[in-house]
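Spelled out from the first residue to the last, the chains are:
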Amino acid sequence: MLFFAGLRTSLPAWPKTPLATAGLLGLGGVGRLAPLGVMIAITHLLVACDVPPSGLEIATGLLLVAAMPSANTSTAWTRRAGGSLALCVGVVLLTTIASPLVVPYAVALAAGPAASMGAVGVHVAAGVGVVGVAGGVVPMAAGMAAGWLAGARDGVPLGLPGSIGSLTAILALNYLNASRGLPQLLTNAHLLPLLAAAAVGIVLVSAAYAAGGVVARTTGATPQAALALGYAVGMSNTGLAGTLANEAFAEPAMILYPIVLCTLAQHVMAALIDARWGRMNPVAESVSRTTAR
C-alpha cells in the first residue's frame, strides 16, 4: 500500500523557499503532538478521579492515537484536494522518523499514573516505533524514487485500480487489527463507555485537525499548504496504534475500540474537508482529472 502511495506521489520538487518550508514542517510536527499533550493530561485527570478501568482503557487507546505519527494516507487526501504534496510528505516523514522517541516517551508518561498502561512496556512501544519507520518510510521512499526514475515528476497516475487497491489495503489492515479484540465488546462492554469513547474520539480527531488549521492560520500559509497541514496534522497512523495495542495488551478490546473509531472519524472529516475546500482549490480539478485517467 505504501509503495503505491509513494509511486503516486513521486519525489516532490524542492521548494523555492526552503527555510520557510522547513519552518512549516517543524510547526506541522509540533501540531501533530498537540493532542498528545492533551491526552496525557486527561489520563492523569482520570486517574485522580478514580474512574473505572474501562475509562482508563478508552483513554489509553486515545492516547496511543495521539502519540502516533501522521498517517501515510494523508498524502492521498492532499493530492486529491490539490494541496502541497511536498509539505504533506515532509510532515509524514518527519513525524514517522521521530516516532521511536515520541511513542515510548508518551507511553512512559502515561504508564506511571494509569494502571491500564502498566502492561505496556516502553521497549514494546520503541519496537513498534522502529517498525513504523522501517515499514512506513522505506516503502514510501522506494515508491517515490521509482516514480521519479520513471520520469513521472508529479507521480504515476494509478487511476481507479490504484484507488481501489489502496482502499482495500486500508480496510484489510483495520479489519485485521480490530478482529483481534473488538468481538469481545459484544458480550463484555456496556453502552455508556462505548458512547463515551465515540464522543471523545471525535473530539480528539477534531482537535487534531484544528491544530493543523491553527498552524496554517498563524503562519499565513497558502491554501495549498493549509490543506497539506490539515491532513498531515489531523490524520494519525491509527494502523500503527492498533498494532501497538494488540502487541502490548492481553485484552485490547476497549483499547482498540477508540482507535477504530478514530480511524473512521478522521477519514470522514478528511472527505468533508475535501468537499468544502478541495473543490475551491484550482489545483484540485487538474489532479482529479489526472487521477481519473
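The model shown is predicted, which means the values in this text are computed figures rather than measured ones. (Residues numbered from 1 in each chain as written. Predicted model: local features only at pLDDT ≥ 70, side-chain atom pairs only at ≥ 80, totals over all residues. Heavy atoms only, no water.)

Focus: the overall build of the chain
Phase 1: A count of helical and extended segments in the chain gives 13 helices and zero strands.
Phase 2: The order of helices and strands in the chain, counted from the N terminus, is α-α-α-α-α-α-α-α-α-α-α-α-α.
Phase 3: For the chain, with 293 residues in total, the buried portion stands at 48%.
Phase 4: Here the chain displays about 13,400 Å² of accessible surface, and carbon together with sulfur accounts for 73% of that area. (Helix = DSSP H or I, 4+ residues; strand = E, 2+ residues; numbered from the N terminus. Buried < 20%, exposed > 50% of the residue type's maximum accessible area, 1.4 Å probe, protein only. Areas by Shrake-Rupley, 256 points an atom, 1.4 Å probe, with all protein chains shown as cover.)

Brief notes about the packing of helix α10 (residues 223-234) against helix α12 (residues 253-276)
Phase 1: The interhelical angle for the contact between α10 and α12, taken along N-to-C directions, is 175°, at an axis separation of 11 Å. By the angle class used here, α10 and α12 are roughly antiparallel. Contact residues: Leu 227, Tyr 231 and Gly 234 in α10; Gln 266, Ala 270, Ile 273 and Asp 274 in α12.
Phase 2: By residue class, the composition of the contact of α10 with α12 is four nonpolar, two polar and one charged. (Axes fitted to C-alpha atoms, helices over the stretch in contact; angles between N-to-C directions. Parallel < 35°, antiparallel > 145°, perpendicular 65-115°, else oblique. Contact = heavy atoms within 4.5 Å. Nonpolar A, V, L, I, M, F, W, Y, C, P; charged D, E, K, R; others polar.)

Considering empty space enclosed by the protein
Phase 1: Under the counting rule described, the total for this entry stands at two cavities of 30 Å³ or more.
Phase 2: Its boundaries defined by the atoms lining it, the largest cavity holds a volume of some 50 Å³.
Phase 3: Every residue lining the largest cavity is listed: Arg 32, Pro 35, Val 65, Ala 66, Leu 204, Val 205, Ala 208, Gly 234, Ser 236 and Gln 266.
Phase 4: Elements supplying a minimum of two residues to the lining of the largest cavity: α2 (18-48), α3 (53-67) and α9 (191-219).
Phase 5: Per-element accounting of the lining of the largest cavity gives the leading share, three residues, to α9.
Phase 6: Split by residue class, the lining of the largest cavity holds six nonpolar, three polar and one charged. (1 Å grid on protein atoms, 1.4 Å probe; cavity = no way out; pocket = protein on both sides within 12 Å on 5 of 7 lines; lining within 4 Å. Points joined across faces, edges and corners; volume = space filled by probe spheres on them.)

Some details on helix α11 (residues 238-248)
Phase 1: Along α11, nine of the eleven residues are buried, which leaves the element largely enclosed by surrounding structure.
Phase 2: When we look at burial in α11, the residues that qualify are Thr 238, Gly 239, Leu 240, Ala 241, Gly 242, Leu 244, Ala 245, Asn 246 and Ala 248.

Digging into the nonpolar core
When a protein is soluble and globular, its nonpolar side chains tend to lie buried together.
Phase 1: Judged by nonpolar contacts, the single largest core of 42 residues is most densely connected at Leu 36, Leu 64, Tyr 209 and Tyr 231.
Phase 2: Element by element, the count of residues in this core is highest for α12, at ten residues.
Phase 3: Filtering out sequence-adjacent residues up to four positions away, Leu 64 remains in contact with Val 107, Ala 241, Leu 244, Ala 245, Ile 255 and Ile 259.
Phase 4: Within the second largest apolar cluster, eleven residues are counted, among which are Val 91, Val 215, Ala 216 and Ala 228. (Core = buried A, V, L, I, M, F, W, Y, C linked by side-chain atoms within 4.5 Å.)

Describing the environment of Ala 253
Phase 1: Within the secondary structure layout, Ala 253 lies in helix α12.
Phase 2: Relative accessible area serves as the criterion here: at 5%, Ala 253 is assigned to the buried category.
Phase 3: Spatially, the C-alpha atom of Ala 253 lies 9.2 Å from that of Ser 179, the residues being 74 residues apart in sequence.

Some points on the confidence of the model for the chain
Phase 1: The predicted model of the chain averages 75 in pLDDT, with 67% of residues at 70 or higher.
Phase 2: For the chain, the element scoring lowest by mean pLDDT is helix α13 (residues 282-292), at 45; α10 scores highest, at 91.
Phase 3: Across residues 281-293 the pLDDT falls below 50, and counting only partners more than four positions away or on other chains, this stretch makes 21 contacts in the model. (pLDDT = per-residue confidence, 0-100.)

Considerations on the packing of α9 against α10
For any two helices packed against each other, the geometry is given by the interaxial angle and the distance between the axes.
Phase 1: Where α9 meets α10, the axes come as close as 7 Å, and the angle between the chain directions of the two elements is 145°. Where α9 crosses over α10, the two elements pack in a sense that is right-handed. Here Ala 208, Tyr 209, Ala 211, Gly 212, Val 215 and Ala 216 of α9 lie close against α10, whose contacting residues are Ala 226, Leu 229, Gly 230, Tyr 231, Val 233 and Gly 234.
Phase 2: Of the residues belonging to the contact of α9 with α10, the class tally is nine nonpolar, three polar and no charged. (Left-handed = near helix turned anticlockwise from the far one by under 90°.)

Focus: the environment of Thr 96
Phase 1: Inspection of the secondary structure assignment puts Thr 96 in helix α5 (residues 85-111).
Phase 2: Distance in space between the C-alpha atoms of Thr 96 and Ser 70 is 6.9 Å, their sequence separation being 26 residues.

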